Amino acid sequence: MKRLGEILLDRGAIAIAELHTGLEACHYRGGRLGTQLLRFGFVDEHALLEALSEQLGVPPVMTSVLRRAPDPLRRMIPLNVGLRLQAMVFDRKDGVLSVAMTAPRNPAAIEEVISYVGLDIKPHVATEVGIMTALREMKLEEQIEEAPIPKAGIESGGSADQ
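Residues numbered from 1 in each chain as written. Predicted model: local features only at pLDDT ≥ 70, side-chain atom pairs only at ≥ 80, totals over all residues. Heavy atoms only, no water.

## Considerations on the nonpolar core
Part 1 of the reasoning: If you look at the biggest cluster of nonpolar residues, it comprises 16 residues, and the most contacted ones within it are Leu4 and Leu8.
Part 2 of the reasoning: The element contributing the most residues to this core is helix α4 (residues 45-56), with 5 residues.
Part 3 of the reasoning: Dropping the residues within four chain positions of it, Leu8 is found in contact with Ala13, Ile14, Leu37, Val43, Ala47, Leu48 and Ala51.
Part 4 of the reasoning: Counting residues in each nonpolar core, the second largest holds 14 residues, with Leu73, Ile77, Val89 and Met101 among its members. (Core = buried A, V, L, I, M, F, W, Y, C linked by side-chain atoms within 4.5 Å. Buried < 20%, exposed > 50% of the residue type's maximum accessible area, 1.4 Å probe, protein only. Helix = DSSP H or I, 4+ residues; strand = E, 2+ residues; numbered from the N terminus. Contact = heavy atoms within 4.5 Å.)

Shown next as structure tokens:
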């Protein structure tokens, strides 16, 4: 399998100095090369996803698609599992679920996703930033749904001056 940095260099998406900076950031901070290159602004999401798709042999999916995924699909994988696996269901066609993953060729992650959704899946590659953004929005929505609704007016025994 060709390395991500090589693919991006071959496509002219990044310069060698940018690759070295990204690799150095991975060494000192940890994380994925693609995520570091995105954070530095050396590559855009589209170029990164095209390179990841070539490397991994699965179709790409953009963050904008993940953010628009219907709630019933997004909730098929429990939030804590989605965050841990960096995986999220975003589409369903003909009984097959499209699942965005940062590691779409990881057999253990695929099996775990299947165990939760109970259907065949078609893995897609997404950026770590894209999946985490969509999942954080889902988490925020859950927190808003669970938040108590404040009562209007003055509580009994209180005054407006408190």
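## Here's the deal with the pairing of strand β1 (residues 87-93)
Part 1 of the reasoning: Direction of pairing for β1 relative to strand β2 (residues 96-101): antiparallel, over a ladder of 6 bridges. Among the inter-strand pairings, Arg92 is bridged to a residue of β2, identified as Leu97. (Pairing = 2+ DSSP bridges.)

## Section: the pattern of salt bridges
Part 1 of the reasoning: Scanning the entire structure with this criterion turns up 6 salt bridges.
Part 2 of the reasoning: Residues Glu54 and Arg11 are paired through a salt bridge, measuring 2.6 Å at the closest nitrogen-oxygen approach. Of this pair, Glu54 sits in helix α4 while Arg11 sits in the loop between α1 (4-10) and α2 (16-29), and the two are 43 residues apart along the sequence.
Part 3 of the reasoning: When its relative accessible area of 42% is taken as the criterion, Glu54 is described as partly exposed.
Part 4 of the reasoning: The closest approach of N and O atoms between Glu112 and Arg84, which form a salt bridge, is 2.4 Å. Here Arg84 lies in helix α7 (residues 79-85) and Glu112 lies in helix α8 (residues 107-117), a separation of 28 residues in the sequence.
Part 5 of the reasoning: Take Arg84: its relative accessible area is 52%, and that puts it in the exposed class. (Salt bridge = Lys/Arg side-chain N within 4 Å of Asp/Glu carboxyl O.)

## Here we look at helix α3 (residues 33-40)
Part 1 of the reasoning: All of the buried residues in α3 are Leu33, Gly34, Thr35, Gln36 and Leu37.
Part 2 of the reasoning: Positive phi appears at Gly41, one or two residues downstream of α3, with a value of about 80°.

## Some points on the packing of aromatic side chains
Part 1 of the reasoning: Inspection of every chain in the model, using the stated rule, returns 1 aromatic pair.
Part 2 of the reasoning: Consider the rings of Phe40 and Phe42, whose centres lie 5.3 Å apart with planes at 20°: the pair is stacked.
Part 3 of the reasoning: Residue classification places Phe42 among the partly exposed positions, given a relative accessible area of 23%. (Phe/Tyr/Trp six-rings, centres within 6.5 Å; stacked < 30°, edge-to-face > 60°.)

## Description of α8
Part 1 of the reasoning: Within α8, the full set of buried residues consists of Ala109, Ile110, Val113 and Val117. Looking down the long axis of α8, one finds its buried residues gathered within 100° of arc, a one-sided arrangement. Exposed residues on α8 whose side chains face more than 90 degrees from its buried face are Pro107, Ala108, Glu111 and Ser115.
Part 2 of the reasoning: Of the surrounding elements, those touching the buried residues of α8 are α7, β1, β2 and β3 (120-125).
Part 3 of the reasoning: One side-chain oxygen at the N-terminal end of α8 lies 2.9 Å from the backbone nitrogen of Ala108; it belongs to Asn106. (Arc of directions from axis to C-beta. Polar contact = N/O pair within 3.5 Å; in protein donor to acceptor, adjacent residues only side chain to side chain.)

## Description of the environment of Leu37
Part 1 of the reasoning: For Leu37, the position within the fold is in helix α3.
Part 2 of the reasoning: Owing to a relative accessible area of 0%, Leu37 belongs among the buried residues under this scheme.
Part 3 of the reasoning: Along the primary structure Leu37 and Ala25 are separated by 12 residues, whereas in three dimensions their C-alpha atoms are 9.1 Å apart.
Part 4 of the reasoning: Apart from residues lying up to four places away in sequence, Leu37 is in contact with Leu8, Ile14, Glu18, Gly22, Phe42 and Val43.

Take it as geometry only, folks, not as evidence of what the structure does.
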